[in-house]
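Here is how the chains run, residue by residue.
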Amino acid sequence: MKIRQLTPEYYSKAASLLDRTFAPSKYEVQLFDKLHEHNRTLHEWVCLVRDSVVAYIGFTNAYNGKKIVGLHLGPIAVQPQMQRQGIGSELLRFALRQEVIRESTIFVLGDVKLYQKFGFEPCTIPRCPLDKGNRIFLSMRNEGNEEYTVGYEKEFTAIATG
């Protein structure tokens, strides 16, 4: 198993992985495609086994207005038949050690107990527009105490609203 930064030669394999992992939802693969199509700043890695993409992790910019205040984690995906083997955990640990990630505030929506194992904490500030009440919104290295609603790349909401 090798972890590599995502390069164009693996885009279609990563998209296919997202499509299979999140089926029947098309949201994640459409988000991936649109973010790449619009040349958004992305920090992405894949886990390879014999040239097959078996896991993917991506980070996009988080905003306070137009100011970048950190990164959003997600999506993270592991090939369905390879889940529960620690691959996703290893990929997440690897990503969190990378300079651009370890120097940033990280936000994530998801399983609170799972992400707490990696150092994420429940987040009340900023507010997350995708999680009313911030019930499943967590952060890492979030030192801010300013009230605002965290922003996402426009592709997140454009796909969700049609």
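Scroll up to find the structure this text is about.
Before going into details, it helps to say that this report is about the structure given with it.

**What about the sheet that holds strand β2 (residues 42-49)?**
Across a sheet, paired strands are connected by hydrogen bonds in the backbone, their directions being either parallel or antiparallel. Sheet architecture is open: seven strands sit in the order β1-β2-β3-β4-β5-β7-β6, paired in mixed fashion. The sheet terminates laterally at β1 (2-5) and β6 (121-122), the two strands that pair on one side only. In terms of strand pairing, β1 meets β2 through four bridges, oriented antiparallel. The partner of Gln-5 across the bridge, within β2, is Trp-45. The strands that helix α2 (residues 27-37) touches are β2, β3 (52-64) and β4 (67-78); relative to β2, the one it contacts most, it runs at about 120 degrees.

**Notes on the packing of aromatic side chains**
Within this structure, the stated rule accounts for seven aromatic pairs. Aromatic side chains Trp-45 and Phe-94 sit 6.3 Å apart centroid to centroid with 75 degrees between the ring planes, which places their arrangement in the edge-to-face category. With Trp-45 in strand β2 and Phe-94 in helix α3 (residues 87-97), this residue pair connects regions lying 49 residues apart in the sequence. You can call Trp-45 buried: its relative accessible area is 5%. Looking at Phe-94, the relative accessible area reads 18%, which means it is buried.

**Quick look at the pairing of strand β5 (residues 106-109)**
Here β4 pairs with β5 via two bridges, running parallel. Counterpart to Leu-71 in the pairing with β5 is Ile-106. By the bridge criterion, four bridges tie β5 to strand β7 (residues 137-140) in an arrangement that is antiparallel. The partner of Val-108 across the bridge, within β7, is Leu-138.

Cut-off values and rules
Residue numbers here run from 1 along each chain, matching the order of that chain's written sequence. Reporting in this predicted model follows two pLDDT cut-offs: at least 70 for local features of residues, and 80 or more for side-chain atom pairs to be given and counted; totals over whole chains, interfaces and linings ignore these cut-offs and use all residues. Only hydrogens and water are set aside when side-chain values are computed; all heavy atoms of the structure are taken into account. Strands were regarded as paired on the criterion that DSSP finds at least two bridges between them. Comment: elements are numbered from the N terminus, with helices defined as DSSP H or I runs of at least four residues and strands as E runs of at least two. We call two residues in contact when some of their heavy atoms are within 4.5 Å. Every axis in this analysis is a line fitted to C-alpha atoms, fitted for helices over the stretch in contact. Angles between the N-to-C directions lie between 0 and 180 degrees. Pairs were defined over the aromatic rings of Phe, Tyr and Trp, the Trp ring being its six-membered one, requiring ring centres within 6.5 Å. Orientation was assigned from the angle between planes: stacked under 30 degrees, edge-to-face over 60, tilted for the rest. Burial status follows relative accessibility: with a 1.4 Å probe on protein chains alone, a residue under 20% of its type maximum counts as buried, one over 50% as exposed, and anything between as partly exposed.

Fair warning: the whole summary comes from geometry, so function is off the table for now.
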